[in-house]
Each structure stands twice: as structure tokens, then as C-alpha cells.
Amino acid sequence: MRILALLPDTARNTLERAVGAGNSLALERRVTAAVHAVRTREYDVLVLDPGTLGDEEFARLYPVLKQTAVPVILFTTLTSASARRIVQAAELGAHELVLRDAEDAVMLLAHKFD
């Protein structure tokens, strides 16, 4: 599975531990590049933290969240700011949620990539 991550460094470390053999992980820091990669189906799944994005960056992700060809996994902490974004992303069509602070986050993510 080809996985694209739009995450802060601390979350990327956890995600890297979850990516098993046979999967590849690409890290992206720019929202516009991530949107383009999903639109052109360069990856099989997008993992992102909506709580770390500014309002404009999050708005640029709306088309990605609405599409269904490439699943979107939200990987975030649960704060009041991220909770609003989680709800917005879910309403737009995000497919999964894994809380970053959960003890079993690595295992939960690994299961999503099987």
C-alpha cells in the first residue's frame, strides 16, 4: 500500500512504526502537493492531522475529503480545536479516525494498512 502522510513530526514517527513490510510511506509538508497527489491517485491512502492545519490549508483539503477513491485517515490528538476539525472532516467524508495519544495507536494504524 502506498501511504501519504501530512502530519507533524511527532505523529510521523508513530506512523513510521506502523507501516509494515510491503507498504511504502511518503511524507508531505505542503497541503497543495498532498491534494494533487490524491487527485492523481499517486497513493492508496492519505493520513493527516486536521488539528495542525490552518483554516486556509484545511479548506484546501475539502475536495480530498469529499472524494472516495483514496481513503483518508485522520490521525490526531483530541483537543477542542481538533474536535471541530474531526467533525468537519467526517461530515465531508473522512473514512477513519485514530487518536494519536492512544496506547495502541501503532497497532490500530498497522491494522488499517493490512
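For the structure, check the block above.
Structural notes, computed from the coordinates. In this text the structure is predicted, and so the values were computed from the model without any measurement.

## Regarding the overall build of the chain
In terms of regular secondary structure, the chain is built from 6 helices and 5 strands. Secondary structure elements of the chain occur, N-terminal to C-terminal, as β-α-β-α-β-α-α-β-α-β-α. Over its C-alpha trace the chain gives a radius of gyration of 13 Å, about what one expects of a compact globule, namely 13 Å for 114 residues. The C-alpha extent of the chain, read off along each of the three principal axes, is 35 × 30 × 20 Å. Classification of the 114 residues of the chain by burial places 44% in the buried group. Of all intrachain contacts in the chain linking residues separated by at least 6 positions in sequence, the fraction that spans at least 24 positions is 65%.

## Observations regarding the packing of aromatic side chains
Under the defined criterion, the tally for this structure stands at 1 aromatic pair. Ring geometry for Phe-58 against Tyr-62: centres 5.7 Å apart, planes inclined by 90°, an arrangement best described as edge-to-face.

Scoring rules and cut-offs
Residues numbered from 1 in each chain as written. Predicted model: local features only at pLDDT ≥ 70, side-chain atom pairs only at ≥ 80, totals over all residues. Heavy atoms only, no water. Helix = DSSP H or I, 4+ residues; strand = E, 2+ residues; numbered from the N terminus. Rg over C-alpha atoms; globule rule 2.2 N^0.38 Å. Buried < 20%, exposed > 50% of the residue type's maximum accessible area, 1.4 Å probe, protein only. Contact = heavy atoms within 4.5 Å. Phe/Tyr/Trp six-rings, centres within 6.5 Å; stacked < 30°, edge-to-face > 60°.

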